[in-house]
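# Summary of the model geometry
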Amino acid sequence: MAGRIPSRESLHARTLAVLNRGNRRNPDVLLVRADAGPVVVKDFAPRGWWMRRLFGPWIHAREIRAYRALAGQPEVPRYLGRIDAQAFVVEYRPGQRLAGRLAPSLPPEFLPALARAMADMHARGVAHLDLSHRSNVLVGEDGLPVLIDFASAVCVRPGGWAARWLLPLFIRLDRRALAKWQRKLGRQSAVRSMAPGGRRGASRPT
């Protein structure tokens with residue numbers, strides 16, 4: 001997509017923030033100024049040779065496959081393309097990391113929307129596998145869920161044998177994550193509503 005993919009040569013100068021500094025096995029996640037606006041870049045280039053040349057591109061290929069399978073799903077950032085074998089670019093979706101303390105400020109449709117987003121994702125043959133981690137579910141600017149970081153995702157062809165026999169096993173992990181957020185957010189909302197003078201209001205960012 002023209003204007004959305006920064007070059008490798010311009011990446012350092014265009015980096016606005018390091019959203020997550022990777023370790024030996026994970027990429028750096030960067031907020032980068034592209035010509036058409038800010039984007040997110042996942043980059044294995046700073047890692048060692050094995051990750052940079054072998055495992056990193058394989059991990060990226062899996063994640064890109066999931067993003068492509070979920071193209072058009074509103075809760076998932078758009079995949080925008082590759083910079084090179086070590087880095088790819090997705091749409092920047094600002095938001096707060098999901099946490100129990102945000103419960104009083106969440107709209108009542110947040111949890112139903114999260115459940116629908118997971119069901120839609122599963123119908124497309126994708127299981128995320130790491131949605132219990134709060135950094136992978138954001139509360140978007142509209143108060144609704146945004147699902148990110150599909151590096152651990154399993155992606156199969158809808159209707160195929162893997163979708164019938166293997167995907168349900170992985171879906172269980174996503175459903176456990178949903179149950180965790182339902183318990184945590186529901187409990188925090190109940191505690192706040194029972195507290196003297198408790199009121200709904202905005203929380204400071206995570």
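Cut-offs applied
Residues numbered from 1 in each chain as written. Predicted model: local features only at pLDDT ≥ 70, side-chain atom pairs only at ≥ 80, totals over all residues. Heavy atoms only, no water. Helix = DSSP H or I, 4+ residues; strand = E, 2+ residues; numbered from the N terminus. Expected span 1.5 Å × (residues − 1). Bend = angle between axes of the 7 residues up to and from the residue. Buried < 20%, exposed > 50% of the residue type's maximum accessible area, 1.4 Å probe, protein only. Contact = heavy atoms within 4.5 Å. pLDDT = per-residue confidence, 0-100. Salt bridge = Lys/Arg side-chain N within 4 Å of Asp/Glu carboxyl O.

### Here we look at helix α2 (residues 49-69)
With 21 residues, α2 ought to run about 30 Å at 1.5 Å a step, and its terminal C-alpha atoms sit 29 Å apart, in line with that. Taking the largest bend as the criterion, α2 deviates by roughly 45°, centred on Phe55, and proline Pro57 comes between one and four positions later. Within α2 the residues assigned to the buried category are Met51, Gly56, Pro57, Ile59, His60, Glu63, Ile64, Ala66 and Tyr67. Structurally, α2 contributes buried residues whose contacts are with β3 (37-43), β4 (79-84), β5 (87-91), β7 (126-127) and β10 (154-155).

### Thoughts on the confidence of the model for the chain
On average, the chain scores 91 in pLDDT, and the residues at 70 or more come to 89%. This stretch, residues 198-206, has a pLDDT under 50; its non-local contacts, to residues over four places away or in other chains, come to 22 contacts.

### Topic: the pattern of salt bridges
Counted under the stated rule, the structure contains 8 salt bridges. Linking Asp84 and Arg8 is a salt bridge whose minimum nitrogen-to-oxygen distance equals 2.9 Å. Of the two residues, Asp84 sits in strand β4 while Arg8 sits in the segment before α1 (11-14), which places them 76 residues apart along the sequence. A residue is classified by how much of its surface remains accessible, and Asp84, at 22% relative accessible area, is partly exposed. Arg47 is the salt-bridge partner of Asp28, the closest N and O atoms lying 3.0 Å from each other. Taken together, the positions of Asp28 in strand β2 (residues 28-34) and Arg47 in the loop between β3 and α2 put the pair 19 residues apart, joining distant regions of the chain. The same class applies to Asp28 as to Arg47, namely buried. Through salt bridges with shared partners, a single network forms among Arg8, Asp43 and Asp84.

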